[in-house]
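Topology and contacts: notes
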Amino acid sequence: MVMDMTIDTWQHEYPFRNNFLEINGNKYHYLDEGNPEGEVVIMLHGNPTWSFYYRNIVKELQEDYRCIVPDHFGCGLSDKPQDYEYTLENHINNVLMLIDQLQIKKFKLLVHDWGGAIGMGVATSRPESVTGVILLNTAAFKSLDIPKRIALCKLPLIGEPMVRTFNAFAWPATFMTTTKPLAKHIKEGYLHPYNSYKNRIATARFVKDIPLTKSHPSYGRLEEIENGLKNVKCPKMFLWGAKDFCFNMKFLKRWKEFYPQEDSKTKYVVYENAGHYVIEDERENCLKEIKGFLNEYSS
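Described below are features of the structure shown in this document. If you're wondering where the values come from, they're calculated on a predicted model, not measured in any experiment. (Residues numbered from 1 in each chain as written. Predicted model: local features only at pLDDT ≥ 70, side-chain atom pairs only at ≥ 80, totals over all residues. Heavy atoms only, no water.)

Structurally, Gly292 is set in helix H13 (residues 283–296). Along the primary structure Gly292 and Val122 are separated by 170 residues, whereas in three dimensions their C-alpha atoms are 24 Å apart. (Helix = DSSP H or I, 4+ residues; strand = E, 2+ residues; numbered from the N terminus.)

With that out of the way, let us pick up the sheet that holds strand S6 (residues 130–138). Taken in spatial order, the eight strands make up an open sheet running S1-S2-S4-S3-S5-S6-S7-S8, and their pairing is mixed. Lying at the two open borders of the sheet, with one neighbouring strand each, are strand S1 (19–23) and strand S8 (266–271). On average, each strand axis in the sheet is inclined to that of its neighbour by 20°, with strand direction left out of account. Sheet topology note: the strand S3 (residues 40–44)/strand S4 (residues 66–70) ladder contains three bridges and is parallel. Paired with Val41 across the strands is Cys67, a residue of S4. Of the strands in this sheet, S1, strand S2 (26–34), S3, S4 and strand S5 (107–113) touch helix H3 (residues 88–101), which is tilted by about 115° from S1. Packed on one face of the sheet, helix H4 (residues 114–125) meets S3, S5 and S6 and runs near 150° to S5. (Pairing = 2+ DSSP bridges. Axes fitted to C-alpha atoms, helices over the stretch in contact; angles between N-to-C directions. Contact = heavy atoms within 4.5 Å.)

On to the pairing of S8. Here six bridges tie strand S7 (residues 236–241) to S8, and the two strands are oriented parallel to one another. Bridged to Trp240 within S8 is Val270. The parallel pair S7 and S8, bridged by helix H11 (residues 249–258), forms a crossover whose chirality is right-handed. (Right-handed = clockwise from strand over helix to strand, strands pointing away.)

A few words on the packing of H3 against helix H10 (residues 219–228). Contact geometry of H3 with H10 gives a least axis separation of 8 Å together with a crossing angle of 55°. As the angle between them shows, H3 and H10 are arranged oblique. Facing Leu88, Glu89 and Ile92 of H3, the residues of H10 in contact are Arg221, Leu222 and Ile225. Here the contact of H3 with H10 is composed, by residue class, of four nonpolar, no polar and two charged. (Parallel < 35°, antiparallel > 145°, perpendicular 65-115°, else oblique. Nonpolar A, V, L, I, M, F, W, Y, C, P; charged D, E, K, R; others polar.)

Shown next, in the form of structure tokens:
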């Protein structure tokens, strides 16, 4: 069967070549698009998205930049092992392994949602390698500010079955994360990797991995990242949807304590009518800001 690519499909939105890195017997999917001689931009997604979230950014940058966009294990087109430890530490280490495998020495980061903690874990591990960070509605520090709807998905006994059996995380995200309705085929793209109980394992485990107490396995690693934020001295830009129900304006205020707005190399841009998927609600404005930042701090 030949697909008619003149109609709107999620595959038409995502016309990229698939690459895989084998890590401990599992296939780790990533995009490697654009100019092989260009400056490297590594884009890290959160939960419950995948590299599809950055599709328009990649298309816009690929003429001049090399765009590396992995899917965390359990997400996107990566393998979804059922016996894997879906922890912050492991997600960070996988990105570092990919960087080493591709022999990347210098790079900029573009991060969103859980990609913020993962990306700043990478940045605090190798601050000398990171030449800039763009942060989209995210956090990389401890917080007890968790929305009730996400806390519900975190409850013992009922949380994981809700997420995995009834898709109670990825599906609501297709209409709760934006202020402008997503087209049907875009929703299909976001949901494509999470089409069964087995394939929803990471959407559940990411929620489980939110560390709220010192006894949580990822609490210490997140605390290390938070303490190391001061060592990430490269230019930074925040693009923030003010109507995000999850990473709300309290999180942006907290970021400003780590990276004061008065710093000439730190820029904050707030979109008053955008939600959590800020680059869906404010695509053109975000593209303009991202290209401007990359051009200004070209290495």
